[in-house]
Amino acid sequence: MKEQSKRLGEDSIPSLMARLSIPAFIGMFVMGMYNIVDTIFVSYGVGPSGVAALSIAFPVQMILMAMAAMFGIGGASIISRSLGAGEQKNANKVFHQVIWLVVISSIFIAIITFIFLDPLITLFGAPADIHDIASDFLSLILLGAVFQTFAMAMNNIVRSEGNAKTAMLTMIISAILNMILNPIFIMGFGMGVRGSALATVIAQAVGAIWLLIYFLSGKSTLSLKGFSFRMDFPLIRRIMAIGFPSFIMMSAGSIVTVAVNWMLNIYGGTMAIAVYGIANRIASFVIMPINGVTQGMQPIVGFNYGSRQFERVMKAVKVSMMAATVMSLIAWGLVEIFPGLLVRIFSNDPELIAQGTTAVRFMLLAAPTIGFQIVCGGLYQALGRARISFIISLMRQIICLVPLLLILPQFFGLDGIWYAFPLADLGAFTVCLVIMSKTWRRIFKNPEIV
């Protein structure tokens, strides 16, 4: 076992959290910046209709990310615990299966989406005036589906062996390249949203190649030697069972986006959909750094749980909870104090700024609870507790948010859509708190039941 993995079970927890979370935080921060910069260029280069088209296309991108997360996080959880238990051969076997799953699933989704592209865009709630723009964007994005899913899944695998810097560099390289190419293609070549899509595909391809070189170089604890073309279905079921909550959470995000777009089309039209596109980018920017903390925590939890060092696991979770909550509070303060300023970064359209200020403020009203929810879900995935993680992943997006999206606009109109988000956050936070209080002692005092 290489030194980078051994440190997961030996170094101090605060030191490990800093070493693993800070690179993940930086990587996620840069990715969040890319999403914002991309939206800014589309907003100024194409207008509100371009931003609305990005929002309409987002569900397909979420499905691709959901597949990558399912295989990447599910595989990473097993790999971390296998390395902690000294089972190198099993870790490599899981790694090989994840590669197969990512490639096959991404190609399948891309083909199916291409075949049904026009009806899907209509299903996603696109008004007639942005249907063609959304189609132009998605057509190109699908060409890079395999690069997107490979890079995202392999980043989770790299973190599972304790090498957060390589994962960080992958995200930084892709994001910076994307930010450079966006203005060139969108404004310089006058390609509009197709330019944004092309920049994204090129950046993702470079990130995927970077990771492949890393695994081939021998720097990884994992090895491509003996790569098998055979599918191990019992192992695949384990990978999918653990990663399934992530798939549900991101797929639920896709469903929620479709539901929001439909309701916005009814109560506000294209401008309201553009507002949501901007507000959603700001919300994602808030969440991404918190995901970085969780990603830093998961290999520590998985490795030390596998090696039965339960005190180290509990300490890692407590440190992560504190860091994520502090970050949530800072983000909440900035959004509530400067909502209009944040929206003005994206557009100078007075109507979009007015609606966007209200939307951002209400959507993130319960942001202080977000950090706890994300870390809670990440903990149970790292422990291999698929059922609990599945419940947590469903709670906010499907069980709480979708009914609220359907009910509240009946009473409050367009504002009711924005009110639904903080109420869903509060409901999910309450459920996470109950689950943690009921399972924490049982898991760590009776680990043989897992």
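Since the model is a prediction, treat every value here as computed from it, not as a measurement.

S.K.: Explain the overall build of the protein to me, please; I cannot follow it from the model alone.
M.R.: If you tally the helices and strands in the protein, you get 18 helices and zero strands. Computed over C-alpha atoms, the radius of gyration of the protein comes to 21 Å, within 12% of the 22 Å expected from 2.2 N^0.38 for 450 residues, which places it in the range of a compact globule. Out of the 450 residues belonging to the protein, those deemed buried represent 60%. Within the protein, contacts between residues at least 6 apart in sequence are counted, and of these 83% link residues at least 24 apart. Total accessible area on the protein stands at roughly 17400 Å², and carbon and sulfur atoms take up 70% of it. Of note, the protein has its 29 positive side-chain charges centred 15 Å away from the centre of its 18 negative side-chain charges.

S.K.: What is the right way to look at helix H10 (residues 233-267) in this model?
M.R.: Three- or four-residue spacings in an α-helix give side chains the same orientation, since the helix completes a turn every 3.6 residues. Of all the bends found along H10, the most pronounced is centred on Gly 243 and spans about 50°, while Pro 245, a proline, follows it within four residues. Just downstream of H10 lies Gly 269, where phi reads positive at about 80°.

S.K.: I would appreciate a short explanation of the packing of aromatic side chains in the present structure.
M.R.: The description of an aromatic ring pair uses the distance of the two centres, along with the angle that the planes make with each other. One pass over the structure, following the stated rule, counts nine aromatic pairs. Look at Phe 95 and Phe 215: their rings are 4.7 Å apart centre to centre, the planes differ by 45°, and that puts the pair in the tilted class. Placement of Phe 95 in helix H4 (residues 88-115) and of Phe 215 in helix H9 (residues 193-216) is noted, with a sequence separation of 120 residues between them. Each member of the pair, Phe 95 together with Phe 215, is buried. Arranged with centres 5.3 Å apart and planes meeting at 70°, the rings of Phe 372 and Phe 429 form a pair that is edge-to-face. Here Phe 429 lies in helix H18 (residues 414-445) and Phe 372 lies in helix H15 (residues 370-382), a separation of 57 residues in the sequence. In this structure Phe 429 comes out as partly exposed when scored by relative accessible area, which is 24%. The structure contains a cluster of three or more aromatic residues connected by ring pairs, namely Phe 95, Tyr 214 and Phe 215.

S.K.: Explain the domain arrangement of the protein here, please?
M.R.: Many structure descriptions define interface size as the accessible area lost when the parts assemble. In terms of domains, the protein is made up of domain 1 (3-231) and domain 2 (281-445). A separation of 21 Å is found between the C-alpha centroids of domain 1 and domain 2. Counting residues at the interface gives 37 residues for domain 1, matched by 36 residues for domain 2. Summing the contributions of domain 1 and of domain 2, the shared interface buries around 3100 Å²; its carbon and sulfur component is 69%. When the area that domain 1 buries against domain 2 is broken down by residue, the three leading residues are Ile 13, Met 17 and Met 28, summing to 19%. Between domain 1 and domain 2 we count zero salt bridges in total. For the interface between domain 1 and domain 2, the tally reads five residue pairs in polar contact (both at pLDDT 80 or more). For the side of domain 1 that touches domain 2, the secondary structure elements donating two or more residues are helix H1 (3-6), helix H2 (13-45), helix H3 (48-84) and helix H7 (145-160). With 19 residues, the single largest contributor to the side of domain 1 that touches domain 2 is H2. In the side of domain 1 that touches domain 2, the residues fall into 20 nonpolar, eleven polar and six charged.

S.K.: It is not clear to me how the packing of H15 against helix H16 (residues 386-407) should be interpreted in this structure. Could you clarify?
M.R.: The relative placement of two packed helices is expressed as an angle between their axes plus a distance between the axes. Where H15 meets H16, the axes come as close as 8 Å, and the angle between the chain directions of the two elements is 155°. Between H15 and H16, the crossing angle belongs to the class labelled roughly antiparallel. Regarding H15 and H16, the two cross each other, and that crossing is left-handed. Along its contact with H15, which presents Gln 373, Cys 376, Gly 377, Tyr 380 and Gln 381, the element H16 presents Ile 388, Ser 389, Ile 392 and Arg 396.

S.K.: Is there a simple way to explain the pattern of salt bridges in this structure?
M.R.: Where charged atoms from two side chains of opposite charge come close, those side chains can pair. Enumeration over the complete set of coordinates arrives at three salt bridges. Put simply, Lys 93 and Asp 232 hold a salt bridge, and the shortest N to O gap is 2.7 Å. With a gap of 139 residues between them, Lys 93 in helix H4 and Asp 232 in the loop between H9 and H10 connect regions that are remote in the sequence. The exposure class of Lys 93 is partly exposed, given its relative accessible area of 41%. Salt-bridge contacts for Arg 396 lead to Asp 425; the nearest nitrogen and oxygen are separated by 2.4 Å.

S.K.: For this particular structure, what's the right way to read the side chain of Arg 81?
M.R.: Within the secondary structure, Arg 81 is located in helix H3. The charged side chain of Arg 81 is buried without a salt bridge, its nearest counter-charge being Glu 87 at 8.6 Å. A polar contact of 3.4 Å, which involves the side chain of Arg 81, links it to the backbone oxygen of Ala 382. Leaving out residues up to four positions away in the same chain, Arg 81 has contacts with Ile 242, Gly 302, Gly 306, Ala 382, Leu 383 and Gly 384.

S.K.: Help me understand the nonpolar core, please; the structure alone is not making it clear to me.
M.R.: Taken as a class, soluble globular proteins show a tendency for nonpolar side chains to be buried jointly. If you look at the biggest cluster of nonpolar residues, it comprises 144 residues, and the most contacted ones within it are Met 154 and Trp 418. Top contributing element to this core by residue count: H3, with 21 residues. Two domains each donate at least three residues to this core, and these are domain 1 (3-231) and domain 2 (281-445). The contact partners of Met 154, leaving out residues within four places of it in the chain, are Phe 95, Val 98, Ile 99, Leu 211 and Phe 215. Val 30, Met 168, Ile 172 and Ala 175 belong to the second-largest nonpolar core, a separate cluster that totals five residues.

S.K.: Teacher, can you tell me more about the environment of Leu 426 here?
M.R.: Here Leu 426 shows up in helix H18. Leave out the neighbours within four places in its chain, and Leu 426 touches Ala 366 and Thr 369.

About the criteria used
- Residues numbered from 1 in each chain as written.
- Predicted model: local features only at pLDDT ≥ 70, side-chain atom pairs only at ≥ 80, totals over all residues.
- Heavy atoms only, no water.
- Helix = DSSP H or I, 4+ residues; strand = E, 2+ residues; numbered from the N terminus.
- Rg over C-alpha atoms; globule rule 2.2 N^0.38 Å.
- Buried < 20%, exposed > 50% of the residue type's maximum accessible area, 1.4 Å probe, protein only.
- Contact = heavy atoms within 4.5 Å.
- Areas by Shrake-Rupley, 256 points an atom, 1.4 Å probe, with all protein chains shown as cover.
- Lys, Arg positive; Asp, Glu negative; His and termini not counted.
- Charge placed at Lys NZ, Arg CZ, Asp CG, Glu CD.
- Bend = angle between axes of the 7 residues up to and from the residue.
- Phe/Tyr/Trp six-rings, centres within 6.5 Å; stacked < 30°, edge-to-face > 60°.
- Domains from an automatic or database assignment.
- Buried area = accessible area lost by both parts, 1.4 Å probe.
- Salt bridge = Lys/Arg side-chain N within 4 Å of Asp/Glu carboxyl O.
- Polar contact = N/O pair within 3.5 Å; in protein donor to acceptor, adjacent residues only side chain to side chain.
- Nonpolar A, V, L, I, M, F, W, Y, C, P; charged D, E, K, R; others polar.
- Axes fitted to C-alpha atoms, helices over the stretch in contact; angles between N-to-C directions.
- Parallel < 35°, antiparallel > 145°, perpendicular 65-115°, else oblique.
- Left-handed = near helix turned anticlockwise from the far one by under 90°.
- Core = buried A, V, L, I, M, F, W, Y, C linked by side-chain atoms within 4.5 Å.

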